[in-house]
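The lines below spell out each chain.
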Amino acid sequence: MDAMTRRSFLSLSIRLTAVMGLGAKAIPAMAESLAQMARGGAPALWLQGQSCSGCSISLLNSDPIGPDQLLTQYLSLAFHQTLSGATGEMAVQVVDRTIAQGGYFLIVEGAVPAAMPRACFFGEEAFADQLARAARKATAVLCVGSCATSGGIPAAQNNPTGAIGVPAFLAQQGIGTPRISIPGCPAHPDWVVGTIAHVLKFGLPPLDELGQPQAFFKRTIHEQCPRFPDYERENFASTFGAEGCLFKLGCAGPITKADCTLRQWNGGTNDCIRAGAPCIGCARDGFAAQADFPFHTKTGPAQSEARS
Amino acid sequence: MKEMISVSPVTRIEGHLGVKVETDGGRVTSAQVVGEMFRGFEQILRGRDPLDAQQITQRICGVCPVEHGIASISAQDAAYGVTPPDNGRVVRNLIQAANFITSHLTHFYLLSGLDFVDLTQVTTYTGRDPALVRLRDWAKSQLASATANPVGPFLPQFTAQLIRDPALNIGVIKHYLDAIEIRQVGHKLGAVFAGKMPHAATLVPGGVTDQVTAIKIAQFRALLGRLRTFVVESYLPDVVAVAAAFPDYFGIGRGCGNFLSYGVFPEASGMGARFLPAGVILADGPGLQPLNVEGITEDVRYSWFSSATGRKPAQGETTPDPNKTGAYSWLKAPRYDGQVVEVGALARLLVAYHDGSRPAVRTAVDDLLKAIGREPKDLISMLGRHAARALEARLLVDRCAEWIEQLVPDQPAFTDFTIPESGAGIGLTEAARGALGHWIEIRGRKISNYQCVVPTTWNCSPRDDRGRPGAMETALIGTPVADPKQPIEVARVIRSFDPCLACAVH
């Protein structure tokens with residue numbers, strides 16, 4: 001292991017142990033876990049259902065462990081639809097070989113069209129059948145992103161495909177493989193990498209009632225918000241682009257548990273609330289589900305004046 | 001001898017795509033392009049608050065979310081009668097351009113790279129580049145191990161007809177690794193003003209929610225410099241070198257020869273002045289024609305939809321029927337004045353080339369053609385599509401450097417608006433993959449209809465009501481297939497369109 005790699009193990013393990021509430025004593029073990037991943041200790045199979053590939057794209061933004069290292073060294077990723085060299089029949093064979101061998105982490109992105117199997121196919125097989133087949137032989141199922149954890153937008157009100165999340169689908173099928181849910185639209189790369197590292201070294205991380213790692217999803221965005229002082233002073237933004245707490249524009253921070261405002265996105269470049277955008281609750285169970293619960297409450301200057 | 005070849009699933013694209021081709025005497029005689037995944041965004045949007053649209057529609061696609069956001073807020077700008085201030089317009093351009101550049105280089109290296117490079121050659125690498133050494137050692141240990149799929153997800157790959165020159169091969173592999181890192185820089189560049197990537201947070205009708213500050217401008221300049229270096233020193237030269245290694249592909253995958261662009265990157269408010277202009281070129285037409293939005297219709301005879309066929313998008317409907325007889329794809333079949341058209345970077349470049357008011361584009365295209373010893377007509381090909389993307393990335397890194405200086409710190413980037421009781425708007429822009437349109441209709445301050453006609457809907461469409469194949473189906477005809485078990489030529493033509501199936505069906 002070169003010095004560069006060791007430094008990034010330590011750097012990430014310090015961050016992960018801190019955020020997962022494990023204390024300083026766990027840092028070497030976490031670093032060892034990352035090193036184990038680097039030796040290809042985590043055979044994985046990545047399947048996509050009704051997804052937009054946004055969680056895959058987001059994982060490529062993993063930082064400080066670069067995605068080149070993540071892909072070539074950390075995960076022994078047998079197949080990924082967007083990255084795999086194999087195409088056509090060769091791709092089907094890779095997936096089938098992996099399932100036959102068993103003992104992998106199954107990572108799933110996207111929802112399952114439970115009422116319309118034709119709405120998602122992989123080669124000649126319905127995605128729902130492929131998922132059931134793969135989940136039975138997996139060590140654990142990692143549901144990445146809100147579509148996989150609870151159906152997300154494909155499962156929103158008025159959807160025509162009867163889309164559901166992966167845990168609901170596995171329960172319907174009576175498949176008891178252990179599962180972890182990492183919500184978010186998209187999921188933050190640290191949430192995915194941190195959870196896999198924890199599973200490898202310490203087993204399942206402490207999960208909440210939704211099967212989500214408590215380390216990332218224990219506190220509301222509101223409690224951790226850089227604009228919280230504005231909320232306390234009742235300094236509310238009246239429209240987009242204004243200073244102040246975004247609560248009156250419909251911010252879902254108070255009902256969404258995630259650490260985005262602390263962690264930030266794209267290697268600490270920015271986050272929604274810092275950029276003036278009210279939280280839309282993309283990591284919330286039931287994200288986007290109701291047509292009558294809009295992301296924003298802004299109706300324009302005329303109405304705002306009328307209301308006040 | 002006739003043969004049926006199935007390439008399903010097509011990997012290293014976005015989403016779920018299957019392609020079936022029939023060959024005769026080793027050449028493709030017909031093709032069926034099948035969109036395999038449907039979610040029903042247009043139905044989900046009905047009855048919702050109009051301001052949900054820019055966030056919901058971005059989730060159509062994690063590769064081109066920004067462009068859906070721009071199309072949606074442009075449609076809403078029109079419906080609400082609001083014009084963003086210059087800061088808002090320029091910030092939108094910067095976020096969108098950052099996503100174009102990131103998307104193009106991701107497509108060439110991560111998605112298409114393994115159609116050209118022989119990855120196994122890295123095991124014999126003798127140089128000292130740390131990234132290549134790491135890759136070599138990992139690949140060797142994987143190949144020596146008992147794992148079922150060594151060097152996954154990169155291997156196995158089709159082994160036929162890859163780059164023969166070892167120096168070029170290893171050079172492109174090195175830039176593949178660099179591209180994985182540099183595409184992060186492209187996303188950071190977008191996130192400076194977008195809040196996060198993918199799925200930009202700040203796009204709203206009237207402008208953007210973010211504020212323009214000196215710090216953000218400086219951050220953007222620094223990230224842009226890194227991106228520009230890669231585009232100029234690695235991406236564009238690699239495309240030229242790969243083109244030289246596969247000269248036949250200037251004659252393969254030529255397609256219908258009809259091109260359409262909605263234009264993108266407004267240089268002033270309104271549809272008028274866009275950095276890359278709108279226009280239509282028909283193969284048997286009189287050259288560049290102005291775009292007529294009324295000419296757009298969508299057929300569904302061969303699509304798994306029972307709703308009315310041949311509708312204009314503003315009156316479009318999306319009712320799924322997965323058991324429909326004769327249908328074979330989840331994509332609709334958009335047509336322009338009844339014609340099959342191709343969209344994408346190549347279409348934008350050709351439209352700009354023939355539009356007299358874009359001398360910078362004309363010079364850039366002529367310089368590239370001179371460097372590779374080709375004529376403009378050669379661009380209409382599998383390699384021409386790659387070249388057009390690389391050239392566009394080059395034009396955009398330069399234009400971004402000028403746009404960022406147009407921002408005025410601490411001035412507004414948002415104009416307030418009121419959502420009307422009822423209204424309608426059209427948002428026409430370009431995604432990295434081509435012409436993107438959103439049509440919104442509002443009644444009782446709720447969305448009463450929403451239709452998206454998306455780049456890959458144009459390019460990967462099934463046959464239309466008159467039975468004419470879509471743009472990719474047409475481009476595949478004539479493609480040679482040396483080995484039916486490794487139809488790499490077919491895969492190369494498919495990927496040259498940079499298909500995005502989550503977008504195409506939505």
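Nothing here was measured: the structure is a model prediction, and the numbers come from that model. (Residues numbered from 1 in each chain as written. Chains lettered and ligands numbered in written order. Predicted model: local features only at pLDDT ≥ 70, side-chain atom pairs only at ≥ 80, totals over all residues. Heavy atoms only, no water.)

Caption draft 1: Structural view of the overall build of chain B. From N to C terminus, chain B includes 14 helices and 13 strands. The C-alpha radius of gyration computed for chain B amounts to 22 Å, which stays within 12% of the reference 23 Å derived for 506 residues, consistent with globular compactness. Principal-axis analysis of the C-alpha atoms places the extent of chain B at approximately 65 × 60 × 50 Å. Across the 506 residues of chain B, 66% fall into the buried class. Taking contacts inside chain B between residues at least 6 apart in sequence as the whole, the part at least 24 apart equals 72%. (Helix = DSSP H or I, 4+ residues; strand = E, 2+ residues; numbered from the N terminus. Rg over C-alpha atoms; globule rule 2.2 N^0.38 Å. Buried < 20%, exposed > 50% of the residue type's maximum accessible area, 1.4 Å probe, protein only. Contact = heavy atoms within 4.5 Å.)

Caption draft 2: Representation of the environment of Leu501(B) in the model. Residue and element names in this part refer to chain B. Looking at where Leu501 falls in the secondary structure, it is placed in helix α14 (residues 501-505). Classification of Leu501 as buried rests on a relative accessible area of 2%. As a C-alpha pair, Leu501 and Ile60 span 441 residues in sequence and 9.6 Å in three-dimensional space. Apart from residues no more than four positions distant in its own chain, Leu501 is found in contact with Ile13, Glu14, Gly15, His16, Leu17, Gly35, Leu331 and Thr456.

Caption draft 3: Examining the pairing of strand β3 (residues 105-109) of chain A more closely. All names here are of chain A. Burial runs high along β3: five of the five residues are buried. Across the two faces of β3 the burial is the same, with Phe105, Ile107 and Glu109 and Leu106 and Val108 all buried. The sheet contact formed by strand β1 (residues 43-48) and β3 spans five bridges and is parallel. Looking at the pairing, Ala44 lines up with Phe105 of β3. Examined bridge by bridge, β3 and strand β7 (residues 140-144) share five bridges and lie parallel to one another. By the bridge assignment for β7, Glu109 is matched with Val144. (Pairing = 2+ DSSP bridges.)

Caption draft 4: Spatial organisation of the confidence of the model for chain A. For chain A, the average pLDDT comes to 88, and 85% of its residues sit at 70 or higher. Here residues 302-308 of chain A is a poorly scored stretch, pLDDT under 50, and it has five contacts once near neighbours within four places are set aside; other chains count. (pLDDT = per-residue confidence, 0-100.)

Caption draft 5: Molecular detail of helix α3 (residues 65-80) of chain B. Look at α3(B): 22 Å from first C-alpha to last across 16 residues, which is about the 22 Å you get at 1.5 Å a residue. Counting buried positions over the 16 residues of α3(B) gives 14, a clear majority of the element. (Expected span 1.5 Å × (residues − 1).)

Caption draft 6: Examining the packing of aromatic side chains more closely. Residue and element names in this part refer to chain A. With the rule as written, the count across this model stands at 30 aromatic pairs over all chains. Both rings, one in Trp191 and one in Trp265, keep their centres 6.0 Å apart while their planes meet at 70 degrees; by these two values the pair is edge-to-face. Taken together, the residues Trp191 in helix α9 (residues 189-202) and Trp265 in the loop between α12 (260-263) and α13 (301-307) connect sequence positions 74 residues apart. With a centroid separation of 6.0 Å and an interplanar angle of 85 degrees, the aromatic rings of Tyr231 and Phe247 are classed as edge-to-face. You can see Tyr231 sitting in helix α11 (residues 228-232) and its partner Phe247 sitting in the loop between α11 and α12, a full 16 residues away along the chain. What makes Tyr231 partly exposed here is its relative accessible area of 31%. (Phe/Tyr/Trp six-rings, centres within 6.5 Å; stacked < 30°, edge-to-face > 60°.)

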